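Coordinate inspection notes
Next come the chains, spelled out residue by residue.
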Amino acid sequence: PNERVAEVRERVDASTFHRAFGMRLEHVAEGEVDLSLEAGPEHLNLMGTVHGGVLATLADSATGLAYRTVLEPRTTFTTIQLSLTYLTAGRAGRIVARGRVVKQGRRTGYAEADVVDGKGKLLARATALLAVTPEPQ
């Protein structure tokens with residue numbers, strides 16, 4: 001089994017950020033992660049729809065965690081570019097970001113995420129470019 005998959009589970013379980021934001025790790029496998037959120041009033045903008053920053057945070061987290069599952073030993077990564085296309089407004093309720101690694105490289109990686117509502121409707125699509133670097137000693 002991939003040690004990085006177990007590490008992702010442990011990191012998310014221990015993460016104050018993910019817990020405070022309301023994210024739950026639903027699925028993790030090599031190169032893929034599903035993160036869910038029950039969007040409530042605290043996630044809505046002034047128009048009553050899910051704030052775009054919430055969708056971006058879910059997408060960034062899903063792409064990053066998916067990439068973490070494929071990292072070589074003694075390396076880490078940083079997202080250096082995140083692009084998000086908003087396709088329709090999200091409403092309160094279940095939202096899932098499905099991150100997947102598209103290209104694993106020694107210096108850069110590329111991942112994508114689809115952000116969907118509880119009925120599977122596509123709310124946003126994200127692409128992420130990640131810089132791979134040695135872990136600090």
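Refer to the structure presented above.
Residues numbered from 1 in each chain as written. Predicted model: local features only at pLDDT ≥ 70, side-chain atom pairs only at ≥ 80, totals over all residues. Heavy atoms only, no water.

**Observations concerning the sheet that holds strand β3 (residues 75-86)**
In spatial order, the strands read β1-β2-β4-β5-β6-β3; together these six strands make up an open sheet with antiparallel pairing. Each of the sheet's edge strands pairs with one partner strand only, and the pair in question is β1 (23-29) and β3. In this sheet, neighbouring strand axes are inclined to one another by 20 degrees on average, regardless of whether the strands run parallel or antiparallel. Alignment of β1 against strand β2 (residues 32-39), held across six bridges, turns out to be antiparallel. Residue pairing in the sheet places Arg24 in a bridge with Ser36 of β2. Along the sheet face, helix α3 (residues 52-68) touches β1, β2, β3, β4 (93-103), β5 (108-117) and β6 (122-134) and points at about 145 degrees away from the line of β3. (Pairing = 2+ DSSP bridges. Helix = DSSP H or I, 4+ residues; strand = E, 2+ residues; numbered from the N terminus. Axes fitted to C-alpha atoms, helices over the stretch in contact; angles between N-to-C directions. Contact = heavy atoms within 4.5 Å.)

**A few points about α3**
An ideal rise of 1.5 Å per residue puts 24 Å on 17 residues; α3 measures up with 24 Å between its terminal C-alpha atoms. In terms of residue burial, α3 counts as a mostly covered element, since 13 of its 17 residues are buried. (Expected span 1.5 Å × (residues − 1). Buried < 20%, exposed > 50% of the residue type's maximum accessible area, 1.4 Å probe, protein only.)

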